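Examination of the molecular architecture
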Amino acid sequence: MPERIAICQRKTKETEITVRLNLDGTGKAEIQTGIGFFDHMLEGFARHGLFDLEIHVQGDLQVDTHHTIEDTGIVIGKAIAEAAGDKRGIRRFGFFLLPMDETLALAAIDLSGRPFLKYQASFTTEKIGQMDTEMIREFFYAVSYSAMMNLHLKILDEGNNHHMAEALFKSFGKALRMAVSLEPGMTEVWSTKGSL
């Protein structure tokens, strides 16, 4: 099986981003976005998805966190799509129900080639660390559209804001791990259309 590794970059007047993603890794992460809590969330995503992930970002944090977080999502999404390749032999669908103390998060993915985000999470604080909580949705929107995936994320039981955010990122990693895993006996693309 060929390596499923992608290196993607984005450079604008607002951000300069490099992402290296190995879908068949061991969960090693080297994340530097300049936003500590965002780094922590991305490390959790990589660790629980068993993805090797390197991210280096220079963003206009003197403005706010928006461009850095959204553009990082765009580049991660592109890396997922590129590393997954033609998607032959993968399960395509993935889901995970993740408890984190009092909170419960659901993530469900279809690597369909059709972008869509359904997001349901209500935070009671504007920030967690230096990360604006409204940017959590914007991050996942950017990932879903640039990766061309259906992504459903829901907080089923609310609680501590840190726990809710962490549950979303970790459940996303677990669901994506399932979706990109190889299905024994499947050598084609899992679609009646013949392509995704």
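Here goes a summary of the coordinates provided. (Residues numbered from 1 in each chain as written. Predicted model: local features only at pLDDT ≥ 70, side-chain atom pairs only at ≥ 80, totals over all residues. Heavy atoms only, no water.)

**Quick notes on the overall build of the protein**
Assigned secondary structure in the protein consists of 4 helices and 10 strands. Reading the helices (α) and strands (β) of the protein from amino to carboxyl end gives β-β-β-α-β-α-β-β-β-β-β-α-β-α. Taken against the 2.2 N^0.38 rule, which gives 16 Å for 196 residues, the C-alpha radius of gyration of the protein at 16 Å falls within 12% of a compact globule. With the C-alpha coordinates aligned to their principal axes, the bounding extent of the protein is approximately 50 × 40 × 30 Å. Considering the protein as a whole, with its 196 residues, one finds that 51% of them fall into the buried category. Summed over its atoms, the accessible surface of the protein is roughly 9300 Å², and 50% of this surface lies on carbon and sulfur atoms. (Helix = DSSP H or I, 4+ residues; strand = E, 2+ residues; numbered from the N terminus. Rg over C-alpha atoms; globule rule 2.2 N^0.38 Å. Buried < 20%, exposed > 50% of the residue type's maximum accessible area, 1.4 Å probe, protein only. Areas by Shrake-Rupley, 256 points an atom, 1.4 Å probe, with all protein chains shown as cover.)

**Let's talk about the pattern of salt bridges**
What the rule picks out here adds up to 8 salt bridges. We note a salt bridge from Glu 166 to Lys 170, for which the minimum N-O separation is 2.8 Å. One end of the pair, Glu 166, and the other, Lys 170, are both in helix H4 (residues 161-180), 4 residues apart, so they sit about a helical turn from each other. Taking relative accessible area as the criterion, Glu 166 reaches 12% and is therefore assigned buried. On the basis of relative accessible area, Lys 170 is assigned to the buried category, the value being 13%. (Salt bridge = Lys/Arg side-chain N within 4 Å of Asp/Glu carboxyl O.)

**A short note on the sheet that holds strand S4 (residues 52-59)**
Pairing is mixed in the open sheet, where 4 strands are placed in the order S1-S2-S4-S3. Only two strands of the sheet have a single partner each, and these edge strands are strand S1 (5-11) and strand S3 (29-32). Looking at each pair of strands side by side, their axes are set apart by 5° on average, direction ignored. Summarising the sheet, S3 and S4 pair through 4 bridges and their orientation is parallel. Residue Glu 30 lies in a different strand from S4, and its bridge partner there is Glu 54. Together, S3 and S4 form the strand contacts of helix H1 (residues 36-49), whose direction differs from that of S3 by roughly 160°. (Pairing = 2+ DSSP bridges. Axes fitted to C-alpha atoms, helices over the stretch in contact; angles between N-to-C directions. Contact = heavy atoms within 4.5 Å.)

**With respect to the side chain of Thr 33**
With respect to the helices and strands, the residue Thr 33 is situated in the loop between S3 and H1. Accessibility expressed as a relative area gives 1% for Thr 33, which makes it buried. Those residues in contact with Thr 33, other than ones at most four positions away along the chain, are Phe 38, Asp 39, Leu 42, Ile 55, Val 57, Leu 61 and Thr 68.

**Regarding the pairing of S4**
With 8 bridges joining them, strand S2 (residues 15-22) and S4 adopt antiparallel strand pairing. Bridge pairing links Asn 22 to Asp 52 in S4. Handedness of the β-α-β unit built from S3, H1 and S4 comes out left-handed. (Right-handed = clockwise from strand over helix to strand, strands pointing away.)

**With respect to the packing of helix H2 (residues 66-84) against helix H3 (residues 134-147)**
Direction vectors running N to C along H2 and H3 enclose 30°, while the axes themselves pass 7 Å from each other. One way to sum up the angle between H2 and H3 is to call them roughly parallel. Note on packing geometry: the crossing formed by H2 with H3 is right-handed. Taken together, the residues of H3 that come into contact with H2 (itself represented by His 66, Ile 69, Glu 70, Thr 72, Gly 73, Ile 74, Ile 76, Gly 77, Lys 78, Ile 80 and Ala 81) are Met 135, Glu 138, Phe 139, Ala 142, Val 143, Ser 146 and Ala 147. (Parallel < 35°, antiparallel > 145°, perpendicular 65-115°, else oblique. Left-handed = near helix turned anticlockwise from the far one by under 90°.)

**Looking at the environment of Gly 44**
Within the secondary structure, Gly 44 sits in helix H1. Here the alpha-carbon distance between Gly 44 and Ala 29, two residues 15 residues apart in the chain, equals 8.8 Å.

**Looking at the sheet that holds strand S6 (residues 103-110)**
Note on sheets: strands pair through backbone hydrogen bonds, and any given pair is parallel or antiparallel. Taking strand neighbours across the sheet as the criterion, the 4 strands line up as S5-S6-S10-S7 in an open arrangement whose pairing is mixed. Unpaired on one side and paired on the other, strand S5 (93-100) and strand S7 (116-120) mark the two borders of the sheet. Each neighbouring strand pair of the sheet contributes to a mean axis angle of 10°, computed without reference to strand direction. Of the pairings in the sheet, the one linking S7 to strand S10 (residues 150-157) comprises 5 bridges and is parallel in character. Note that in S10 the partner of Lys 118 across the bridge is His 152.

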